[in-house]
Amino acid sequence: MGILIPNTPWERKSIRSTFTARYTLTQAEAEQRKKGIEAYIETALSGIHSGMDDYQKIKYIYDYMIEHTDYRLDSPENQTVCSVFLYGESVCQGYAKAFQLLCSRVDIPAVLVTGEVKNGEAHAWDLVQSDGEWYYADPTWEMPSTSWEMTTRLAGQKTPQRQ
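Along each chain, the written sequence defines residue order, and numbers are assigned to residues from 1. Reporting in this predicted model follows two pLDDT cut-offs: at least 70 for local features of residues, and 80 or more for side-chain atom pairs to be given and counted; totals over whole chains, interfaces and linings ignore these cut-offs and use all residues. Calculated side-chain values reflect all of the structure's heavy atoms, with hydrogen atoms and water omitted.

A. Summary view of the nonpolar core. Core analysis: the biggest nonpolar cluster contains 27 residues, and Ile61, Phe85, Phe99, Leu102 and Val128 have the highest contact counts within it. Strands here mean DSSP runs of E at least two residues long; helices mean DSSP runs of H or I at least four residues long; both are numbered from the N terminus. At 6 residues, helix 2 (residues 54–68) tops the list of elements feeding residues into this core. Those residues in contact with Leu102, other than ones at most four positions away along the chain, are Tyr40, Ile41, Ala44, Leu45, Ile61, Met65 and Phe85. The nonpolar core is taken to be a set of buried Ala, Val, Leu, Ile, Met, Phe, Trp, Tyr and Cys residues, with the residues joined through side-chain atoms within 4.5 Å. Note on exposure labels: buried denotes an accessible area under 20% of the residue type's maximum, exposed denotes more than 50%, and partly exposed covers the range between, all computed with a 1.4 Å probe on protein chains only. Here, two residues are considered to be in contact whenever any of their heavy atoms come within 4.5 Å of each other.

B. Region of interest: the packing of helix 1 (residues 27–44) against helix 2. Contact geometry for helix 1 and helix 2: axes closest at 11 Å, N-to-C directions at 125 degrees. One finds that helix 1 runs oblique with respect to helix 2. Contact residues: helix 1 offers Tyr40, Thr43 and Ala44, while helix 2 offers Tyr60, Tyr64 and His68. The nonpolar class holds Ala, Val, Leu, Ile, Met, Phe, Trp, Tyr, Cys and Pro. Asp, Glu, Lys and Arg form the charged class, and all remaining residues, Gly among them, are polar. In the contact of helix 1 with helix 2, the residues fall into 4 nonpolar, 2 polar and no charged. Note on geometry: axes are C-alpha line fits, over the in-contact stretch for helices, and angles between N-to-C directions span 0 to 180 degrees. To sort the angles, those under 35 degrees are grouped as roughly parallel, those over 145 as roughly antiparallel, those from 65 to 115 as roughly perpendicular, and the leftovers as oblique.

C. The pattern of salt bridges, seen in detail. A pairing counts as a salt bridge when a side-chain nitrogen of Lys or Arg comes within 4 Å of a carboxyl oxygen of Asp or Glu. Inspection of the entire model under this criterion finds 5 salt bridges. Between Asp74 and Arg72 there is a salt bridge; the shortest N-O distance is 2.8 Å. The exposure class assigned to Asp74 is exposed, which follows from its relative accessible area of 55%. Across the pair Glu89 and Arg72 runs a salt bridge, and its minimum N-O distance is 3.4 Å. A residue pair is termed long-range when its members are at least 10 positions apart, and Glu89 in strand 4 (residues 89–90) and Arg72 in the loop between strand 3 (70–71) and helix 3 (81–87) qualify at 17 residues. Using a relative accessible area of 13% as the deciding quantity, one classes Glu89 as buried. A cluster of three or more residues bridged by salt bridges with shared partners is formed by Arg72, Asp74 and Glu89.

D. Just helix 2, in detail. In this scheme, a helix's expected span is set at 1.5 Å multiplied by one less than its residue total. The end-to-end C-alpha distance of helix 2 is 21 Å, a good match for the 21 Å that 15 residues give at a rise of 1.5 Å each. Looking only at helix 2, the buried set comprises Tyr55, Lys57, Ile58, Lys59, Ile61, Tyr62, Asp63, Tyr64, Met65 and Ile66. Against the buried residues of helix 2 lie helix 1, helix 3, helix 4 (92–105), strand 6 (122–130) and strand 7 (133–137).

Encoded structure:
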């Protein structure tokens, strides 16, 4: 398959690219991992019920992840949800992706954010929508808390503490 690139000296020429994919897991291994991930998700979300508002659901997911995930730089597959869902350990990217996926499963919009922290180190966290407003959520750097607060993206103020 060729790609046409307009407004270039070679615009009338096609560029051919080929690649070879190589799977790192067998189909059976992939299915087993998928079952493990789905089992974690089902267990993690089992405490959420229809009477909860968005904030309560987000806090539940947030606290669940913190209580069931250890921060480890050397965790396997630490840039993916697998590190959280299959191994119970991760780094910020794994935490943020897992949080995003769990929120999506309960119809709460969440967006992965990447950037740098004060010392220039790369970091990942989430923006999550609650009651029409967007908030930062960073399950990597928090500890379990009954007075958890979300920080609003736009105003830079904290929401009132909710129990």
